[in-house]
Each structure stands twice: as structure tokens, then as C-alpha cells.
Amino acid sequence: QVQLVESGGGLVQAGGSLRLSCAASGRTFSRYAMGWFRQAPGKEREFVATNFWSSGTTYYADSVKGRFTISRDNAMSTVYLQMNSLKPEDTAVYYCAAGSVTWATKSRPSEYNYWGQGTQVTVSS
């Protein structure tokens, strides 16, 4: 089992920045790809970014590319999501997730085995 706890959400004005953290405990953290997803009210859970431990490769949704950065600290068992130039449409509950995903399945929520409880991000216009 892997337990994930997100933090760092909040209310920010458009154009501002937030940094989300996801602390992992349990099984070996570094084995898994770590992803961030988000879900706005009335919408499906949406892929944001993922990081592969084995290669260090990262991948982003087009909607956040160039504005968000995912990083991880294996020694601290923590993954981060730095969010810059935030827009009102970024408003959602953000979830971190861990799983043994492949490059082909990296954006599919169903491929991630472990999930955090989520943290609210609200961007005001």
C-alpha cells in the first residue's frame, strides 16, 4: 500500500502561483510513476502531469504545458506540482496518484493504483 497526502491548495488570483505537495508513505515510493490529476465540479477527472521515476521523464497535458512543472524528491518521498500563471479554468480539486503505468497509459486515471484525498485550488478572475 501507498498512502498519499496532498497539501498546498488554496485561493489565488489569476496570474498567481501555487505549489502543491504530495507526501507518500508505505511501499517503495520510487518504484511508481507519480501523477497529478484534477476534477472540476460536474466534470470528469482530468490528467495534468506525470513523472516517471525510472527515466525522469515528465509529461504534461496541453492545457498546462509551459505553466506547470512536476518534480519529485525520492529521498523525501514527495512529488510537487508548481503551478504558475494560473487561470480561472485551473480551478479544481487536485489529486496526486501513484501507479505502475506505462507511457501509453500515463494519462488514464484507471491505471493509477493509489490516490490522495485531494486539495482544492481556486483561481479568481
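Scroll up for the structure.
Residues numbered from 1 in each chain as written. Predicted model: local features only at pLDDT ≥ 70, side-chain atom pairs only at ≥ 80, totals over all residues. Heavy atoms only, no water.

A. Expanded view of the overall build of the protein. When helices and strands are tallied, the protein shows zero helices and 11 strands. Taken from N to C terminus, the helices and strands of the protein fall in the order β-β-β-β-β-β-β-β-β-β-β. The globule rule puts the C-alpha radius of gyration for 125 residues at 14 Å, and the 13 Å found for the protein is close to it. Over its C-alpha atoms, taken along the principal directions, the protein stretches across nearly 40 × 25 × 25 Å. Buried positions account for 46% of the 125 residues belonging to the protein. Long-range pairs, those at least 24 residues apart, make up 59% of the contacts in the protein between residues at least 6 apart in sequence. Carbon and sulfur atoms form 47% of the exposed surface of the protein, whose accessible area is close to 6,200 Å². Charged side chains in the protein number 12 positive and 8 negative. The centres of these two groups are separated by 5 Å. (Helix = DSSP H or I, 4+ residues; strand = E, 2+ residues; numbered from the N terminus. Rg over C-alpha atoms; globule rule 2.2 N^0.38 Å. Buried < 20%, exposed > 50% of the residue type's maximum accessible area, 1.4 Å probe, protein only. Contact = heavy atoms within 4.5 Å. Areas by Shrake-Rupley, 256 points an atom, 1.4 Å probe, with all protein chains shown as cover. Lys, Arg positive; Asp, Glu negative; His and termini not counted. Charge placed at Lys NZ, Arg CZ, Asp CG, Glu CD.)

B. Molecular detail of unusual backbone geometry. For S77, which is not glycine, the phi torsion reads 50 degrees and is therefore positive. One can find S77 in the loop between β7 (68-73) and β8 (78-83). Even without being glycine, S85 reaches a positive phi, approximately 50 degrees. Tracing the chain through its elements places S85 in the loop between β8 and β9 (92-99).

C. Quick peek at the nonpolar core. L4, W36, V48, F68, L81, M83 and Y94 are the most contacted members of the largest nonpolar core, which has 36 residues in total. Elements supplying a minimum of two residues to this core: β1 (2-7), β3 (18-26), β4 (33-39), β5 (46-51), β7, β8, β9 and β11 (119-124). For this core, the element with the highest residue contribution is β9, accounting for five residues. Discounting chain neighbours no more than four positions away, the residues touching F68 are R38, V48, Y60, L81, Q82, M83, N84, L86, D90 and Y94. (Core = buried A, V, L, I, M, F, W, Y, C linked by side-chain atoms within 4.5 Å.)

D. Inspection of the pairing of β11 at higher detail. On β11, burial follows the alternation: T119, V121 and V123 on one face are buried, whereas Q120, T122 and S124 on the facing-out side are not. As judged from the four bridges shared by strand β2 (residues 10-13) and β11, these two strands associate in the parallel manner. Looking at the pairing, V12 lines up with V123 of β11. Sheet topology places β9 next to β11; three bridges connect them, and they run antiparallel. Bridge assignment links V93 to a residue of β11, and that residue is Q120. (Pairing = 2+ DSSP bridges.)

E. Looking closely at the state of the cysteines. Tallied over the full model, the rule gives one disulfide. Each disulfide pairs two cysteine sulfurs, and for C22 the partner residue is C96, the sulfurs being separated by 1.9 Å. On the sign convention where negative is left-handed, the bridge of C22 and C96, at about 45 degrees about the S-S bond, is right-handed. One end of the pair, C22, is in strand β3; the other, C96, is in strand β9, and 74 residues separate them in sequence. C96 matches C22 in its accessibility class, with the two residues each being buried. (Disulfide = S-S within 2.5 Å.)

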